[in-house]
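# Results of the structural survey
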Amino acid sequence: ETAQVTASPEQNDSEYLSPVTIGGQALTLDFDTGSADLWVFSNSLPSSDSAGHVTFDPSKSPTFTPYSGATWQIAYGDGSSATGSVGFDSVTIGGVTVAHQAVELADNLSGAFVQDTQNDGLLGLGFSTINTIQPQRQKTFFENIMPSLALPVFTANLQADASGTYTFGAIDTAQYSGPIHYTPIDSSAGFWQFTSPSYTIGSNGASVPCTTCSPAIADTGTSLVLLDDDVVSAYYAQVNGASQDQSQGGWVFPCSASLPGFGVAIGSGYTAMLTGQDVMYESLGGGVCYGGLQSNAGQGVQIFGDVLLRHYFAVFDGGAKRFGLAKKA
Ligand SMILES: Cc1nn(C)c(C)c1CC(=O)Nc1ccccn1
């Protein structure tokens with residue numbers, strides 16, 4: 001079987017939301033290849049936290065069964081967090097159903113999630129070695145459907161300021177052109193992780209070897225591209241008037257500045273390029289702009305988020321444990 005579902009952008013393409021049905025209830029979730037928990041806003045949240053969100057109510061689902069005593073608690077790399085209880089229910093995405101999917105009900109959330117009222121929760125598409133359910137971690141939606149898919153893959157075709165597509169079980173040749181450039185992934189940390197041994201500054205720049213660069217992860221649930229400090233500093237050194245502004249939380253520059261292109265190696269065989277315009281992320285007002293390339297704060301992993309992924313067709317191959325990028329159709 002195969003499934004296809006839309007991915008609708010929030011403002012600034014900060015995240016992409018997709019329709020999911022859980023126990024007959026329709027929610028919009030952020031598909032996140034950088035984590036492995038499926039959690040939803042639930043009616044056990046204080047109403048001050050759930051105001052504006054669709055909440056899942058297990059008592060209204062005919063197929064919900066509690067996983068009694070089980071709990072979950074997740075802390076994301078950006079400092080946001082969530083905790084709650086667990087059950088199993090029927091989860092359907094694009095017509096494909098997992099009858100007993102672990103569904104994590106949030107009863108406590110950090111502010112960033114509460115404020116984002118278009119988002120009713122996250123659906124992890126990482127590896128379940130980092131699922132946070134205790135006493136026994138549970139599989140992701142993708143891991144559960146993989147055996148029944150025509151191909152053990154899913155693809156992300158996110159768009160800049162437009163609705164895109166997640167596809168499960170097929171690599172739709174109508175969505176990309178030219179070759180798919182694959183690199184093997186190391187899933188031992190739970191991420192779609194690969195090496196990124198060089199980078200390129202300027203659309204015609206030479207690629208700079210970076211033997212000390214941290215490995216990278218493909219992360220649909222992160223807005224920006226978060227890079228090692230020496231890489232991101234080398235980039236903004238080429239932008240007139242750029243500076244790191246702690247109050248704004250990163251690298252800013254005059255909106256009038258011309259931004260060079262930027263490319264990152266996807267494994268050792270391919271460099272994914274962005275134009276200067278692709279790197280521009282947000283105007284903060286007063287002629288100050290915020291870049292889509294920011295520091296990973298020395299976390300030892302580079303996060304290739306939506307600022308990069310929305311310019312490519314991305315293949316997550318769970319069978320061959322590889323990640324690939326192609327030019328969009
Ligand atoms: C900043 C960062 N460090 N590390 C290791 C990762 C994976 C990130 C990105 C991150 O936290 N993304 C995120 C945040 C909230 C919800 C979903 N995804």
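Higher on the page you've got the structure.
So, here is what we can say about the structure in this document. (Residues numbered from 1 in each chain as written. Predicted model: local features only at pLDDT ≥ 70, side-chain atom pairs only at ≥ 80, totals over all residues. Heavy atoms only, no water.)

### Section: the side chain of His53
The condition is simple: The numbering of helices and of strands both runs from the N terminus, where a helix is a DSSP run of H or I of at least 4 residues and a strand a run of E of at least 2. Each residue's exposure class comes from its accessible area (1.4 Å probe, protein chains only) as a fraction of the maximum for that residue type: buried when under 20%, exposed when over 50%, partly exposed otherwise. Between two residues, a contact is recorded if the distance between any of their heavy atoms is within 4.5 Å.
Its location among the elements puts His53 in the loop between helix H1 (47–50) and strand S5 (65–75). The buried category is assigned to His53, whose relative accessible area is 9%. Contact partners of His53, with chain neighbours within four places excluded, come to Phe41, Phe113, Val114, Asp116, Thr117, Asn119 and Asp120.

### A few points about the site of the ligand
In plain terms, the rule: Nearness here has a simple test: a residue counts as near a molecule or strand if at least one of its heavy atoms is within 4 Å of that partner. N or O atoms within 3.5 Å of each other form a polar contact, as long as, within protein, one can give a hydrogen and the other can take it, and as long as residues adjacent in sequence are counted only when both atoms are side-chain atoms. Exposure was quantified through the Shrake-Rupley algorithm and a 1.4 Å probe, taking into account, for residues, occlusion by the shown protein chains and nothing else. Lys, Arg, Asp and Glu make up the charged group, whereas Ala, Val, Leu, Ile, Met, Phe, Trp, Tyr, Cys and Pro make up the nonpolar group; the residues left over, Gly among them, are polar.
Surveying the vicinity of the ligand reveals 14 residues, the closest of which are Asp32, Gly77, Asp78, Thr222 and Gln299. Contacts to the ligand include Gly221, whose backbone N or O atom sits 3.3 Å from a nitrogen atom. In isolation the ligand exposes 440 Å². Once the protein is present, 86% of that is buried. Of the residues belonging to the shell around the ligand, the class tally is six nonpolar, five polar and three charged.

### Points about the pattern of salt bridges
For the record, the criterion: Think of a salt bridge as a Lys or Arg side-chain nitrogen and an Asp or Glu carboxyl oxygen that are within 4 Å of each other.
Counting across every chain of the model gives three salt bridges. The salt bridge partner of Lys60 is Asp57, with a shortest N-O separation of 3.4 Å. Judged by its relative accessible area of 62%, Lys60 is exposed. Residue classification places Asp57 among the buried residues on the basis of a relative accessible area of 11%.

### Let's talk about the pairing of strand S10 (residues 162–168)
Which entries qualify depends on this criterion: Pairing between two strands requires that DSSP report at least two bridges joining them.
With five of its seven residues buried, S10 lies for the most part within the structure. Here five bridges tie strand S9 (residues 153–159) to S10, and the two strands are oriented antiparallel to one another. Bridged to Thr155 within S10 is Thr167. Hairpin connection, S9 to S10: the antiparallel pair is bridged by two residues, and Asp161 has positive phi, about 55°.

### A short note on the sheet that holds strand S15 (residues 216–218)
The test is simple: Throughout, an axis means a line fitted to C-alpha atoms (over the contacting stretch in the case of helices), and angles, computed between N-to-C directions, take values from 0 to 180 degrees.
Spatially, five strands are ordered S12-S15-S24-S16-S23 in an open sheet, and the strand pairing comes out mixed. The open sheet has two edge strands, strand S12 (193–194) and strand S23 (293–295), and neither has a second partner. In the sheet, S15 pairs with strand S24 (residues 302–304) via three bridges, with the strands oriented parallel. Looking at the pairing, Ile217 lines up with Ile303 of S24. Lying on the sheet, helix H4 (residues 229–236) is in contact with strand S16 (225–227), S23 and S24; it crosses S23 at an angle near 135°.

### Comments concerning the side chain of Asp32
Our working definition: In this tally Asp and Glu are treated as negative and Lys and Arg as positive; neither His nor the chain ends contributes.
Within the secondary structure, Asp32 sits in strand S3 (residues 25–32). This buried residue, Asp32, is left without a salt bridge; Arg310 holds the nearest opposite charge, at 15 Å. A polar side-chain atom of Asp32 sits 2.8 Å from the main-chain amide nitrogen of Gly34.

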